[in-house]
Amino acid sequence: MVEKIILIDAVGCLVNLKGEIDHKILNLIEEFKNRKIVLTNANDSEKKIFLKNVKYEIFTLKHNPNKPNPEYFKKFLLKYSFSPKQLVYFEHDIDAVKSAQSRAIVTHHFDGDYKKLKFFLDLNLKK
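Worth saying up front: this structure is predicted, and the values here are computed from it rather than measured.

(A) Region of interest: the packing of aromatic side chains. Throughout the structure, instances matching the rule amount to nine aromatic pairs. Taking the centre distance of 5.5 Å and the plane angle of 80 degrees together, the rings of F59 and Y72 count as edge-to-face. Highlighted residues: F59 in strand 3 (residues 57-60) and Y72 in helix 3 (residues 70-80), separated in sequence by 13 residues. By the burial criterion, F59 is buried, and Y72 matches it. When the centroid spacing of 5.0 Å and the interplanar angle of 0 degrees are considered together, the rings of Y80 and F82 count as stacked. Here Y80 falls in the buried class, since its relative accessible area comes to 18%. The buried category is assigned to F82, whose relative accessible area is 11%. Through pairs of rings, three or more aromatic residues link up here, namely F59, Y72, F73, F76, Y80, F82 and Y89. Here the basic side chain of K79 rests over the ring of Y80, its NZ or CZ set 5.3 Å away from the ring centre.

Below is the structure:
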């Protein structure tokens, strides 16, 4: 069985607009030993603000296109040679959720409910 990779939305999930880490999410994802990649739209200057405290691998296309465009996920999959079946993703933006799902990535819309997020991760990662 292939170990799944956790894809994490940056601003709106892992960090806020000040670049402060959401420690509830950090603690939750740290329960899993899986590889983690943060997905963002940020350009280099935005990364210095929002992602300055992020220690995980970061993927961005610098707004060309943004995550609500399915082309974002197509390029992501090609860059890493991932199969969508290898991935689980959580994201706060419903349009980006739909975009990832259009590429067959198992995706959870994070609406601030940490219990639902934990259930999603437990269900799809089978600790």
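Additional details are given in the paragraphs that follow.
(B) Fine view of unusual backbone geometry. Following N64, the chain continues into P65 via a peptide bond in cis, with omega recorded as -5 degrees. Mapped onto the elements, P65 comes out in the loop between strand 3 and helix 3. The residue S81 is not glycine, and still its phi comes out positive at about 55 degrees. Here S81 is to be found in the loop between helix 3 and strand 4 (87-91). S81 sits in the exposed class, given a relative accessible area of 63%. Residues other than glycine seldom take positive phi values, yet A104 does so here, at roughly 70 degrees.

(C) Molecular detail of helix 1 (residues 23-30). Looking only at helix 1, the buried set comprises I25, L28 and I29. One side of helix 1 carries all its buried residues, which in axial view fall inside an arc of 90 degrees. For helix 1, the elements touching its buried residues are strand 1 (5-9), strand 2 (36-40), strand 4 and helix 5 (114-125). The N-cap of helix 1, judged by a side-chain oxygen 3.0 Å from the amide nitrogen of K24 a few residues on, is D22.

(D) Expanded view of the environment of K75. Considering the arrangement of structural elements, one finds K75 in helix 3. The spatial distance from the C-alpha of K75 to the C-alpha of L61 is 8.6 Å, given a sequence separation of 14 residues. Beyond its immediate chain neighbours, meaning those up to four positions away, K75 contacts F59, L61, N64 and P65.

(E) Focus on the layout of surface pockets. One number sums up the size of the largest pocket: a volume of about 200 Å³. Classifying every residue of the lining of the largest pocket by side-chain character gives seven nonpolar, four polar and five charged.

Rules used in this analysis
- Residues numbered from 1 in each chain as written.
- Predicted model: local features only at pLDDT ≥ 70, side-chain atom pairs only at ≥ 80, totals over all residues.
- Heavy atoms only, no water.
- Phe/Tyr/Trp six-rings, centres within 6.5 Å; stacked < 30°, edge-to-face > 60°.
- Helix = DSSP H or I, 4+ residues; strand = E, 2+ residues; numbered from the N terminus.
- Buried < 20%, exposed > 50% of the residue type's maximum accessible area, 1.4 Å probe, protein only.
- Lys NZ or Arg CZ within 6 Å of the ring centre and 35° of its normal.
- Arc of directions from axis to C-beta.
- Contact = heavy atoms within 4.5 Å.
- Polar contact = N/O pair within 3.5 Å; in protein donor to acceptor, adjacent residues only side chain to side chain.
- 1 Å grid on protein atoms, 1.4 Å probe; cavity = no way out; pocket = protein on both sides within 12 Å on 5 of 7 lines; lining within 4 Å.
- Points joined across faces, edges and corners; volume = space filled by probe spheres on them.
- Nonpolar A, V, L, I, M, F, W, Y, C, P; charged D, E, K, R; others polar.

What is shown is where atoms sit, not what they do.
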